[in-house]
Amino acid sequence: MDLFDSLMAEHRLYEQLLEALDQCVGMAEQGPEVPAADLSRFADAIEGFDRLCHQVKEERILLPMLVEIGMSADSGMIAAVRVEHEEERELVQALRKASTAGDVERIASVGFTLTDHARCHIYTEDTLLFPFARSRLSVPSMDKMTAAAAAFDHKMLEAGEYAAVAAIRDDLVARYAARPDCIQSRVSWAGTDD
Ligand SMILES: [Fe+2]
Ligand SMILES: [Fe+2]
């Protein structure tokens, strides 16, 4: 498994969390049954995924390697990835703030914007950035990145960071994405033509 395989596997885990967040935000919009603490836990899980796992590997390992082979650091795809990561961080902070304030309208607006934004970002990386990078990077560069990512993963595993983030994510996914009404809406959505 190279760096791109592992980043895409992390995308699939992140998508489960986004599905759970959509469900939680939808429930918050409809009634008082969703505690603000759960929305803050979504913010914790997304921040953990960002700072301790996924985005940090893209920013510290992948993007510098692309700059090394001649891509501009300040424009094009690299700049776009950095901007989107920052936008996502701002949306997570806004979600935390709205949930603390109990502002349901804002929770819904920020929450759904965040999940849309994250899905678009994932789609761009899976279908454009990663295939492009794969086609341009040499085998030694790929090996160097994969080794750097493995060393980073090892450090985070040893420190217990991955287990902590996974525990929050798994709990939220089990409680929201596995709800029958969430599964039902997923099935209905998959069956539509538009
Ligand atoms: Fe990213
Ligand atoms: Fe990513």
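In short, a report on the structure. Along each chain, residue indices are assigned from 1 in the same order as the chain's sequence is written. To label them, take the chains in the order written and letter them from A, then take the ligands in the order written and number them from 1. At least 70 in pLDDT is required for a residue's local features to be given in this predicted model, at least 80 for side-chain atom pairs to be given and counted, and no such filter applies to totals for whole chains, interfaces and linings, which use all residues.

## A look at the overall build of the protein chain
The condition is simple: Only runs of H or I of at least four residues qualify as helices and only runs of E of at least two qualify as strands under DSSP, and these elements are numbered from the N terminus. Our radius of gyration is a C-alpha quantity, and the globule rule it is checked against amounts to 2.2 Å times the number of residues to the power 0.38. Our contact criterion uses C-beta atoms placed from the backbone: two residues qualify when those atoms are within 7 Å.
In terms of helices and strands, the protein chain carries eight helices and zero strands. Reading the helices (α) and strands (β) of the protein chain from amino to carboxyl end gives α-α-α-α-α-α-α-α. For 194 residues, the compact-globule formula gives about 16 Å, and the C-alpha radius of gyration of the protein chain, at 18 Å, lands near that figure. Once the C-alpha set of the protein chain is aligned to its principal axes, its extents read approximately 55 × 40 × 30 Å. Considering only contacts in the protein chain between residues 6 or more positions apart, those separated by 24 or more positions represent 78%.

## Quick look at the environment of Leu114
Checked against the element boundaries, Leu114 lands in helix H5 (residues 104-136). C-alpha separation for the pair Leu114 and Thr127, spaced 13 residues apart in sequence, amounts to 20 Å. Filtering out sequence-adjacent residues up to four positions away, Leu114 remains in contact with Glu88, Leu91, Val92 and Leu95.

## Points about the packing of helix H2 (residues 36-52) against helix H7 (residues 161-177)
Worth spelling out the cut-off: Axes, fitted as lines to C-alpha atoms, cover a helix only where it is in contact. Angles between the N-to-C directions of the axes lie from 0 to 180 degrees. Two helices that cross are described as forming a left-handed crossing if the nearer one is turned anticlockwise from the farther one by less than a right angle, and a right-handed crossing if clockwise. Residues are grouped as follows: Ala, Val, Leu, Ile, Met, Phe, Trp, Tyr, Cys and Pro are nonpolar; Asp, Glu, Lys and Arg are charged; every other residue, Gly included, is polar.
Taken N-terminus to C-terminus, the directions of H2 and H7 make an angle of 145 degrees; their axes are 9 Å apart at the nearest point. Note on packing geometry: the crossing formed by H2 with H7 is left-handed. Side by side, H2 and H7 meet where Arg41, Phe42, Asp44, Ala45, Gly48, Phe49 and Leu52 of the first sit next to Glu161, Ala164, Val165, Ile168, Arg169 and Leu172 of the second. Taken together, the residues of the contact of H2 with H7 sort by class into eight nonpolar, one polar and four charged.

The values are spatial; any link to function lies outside them.
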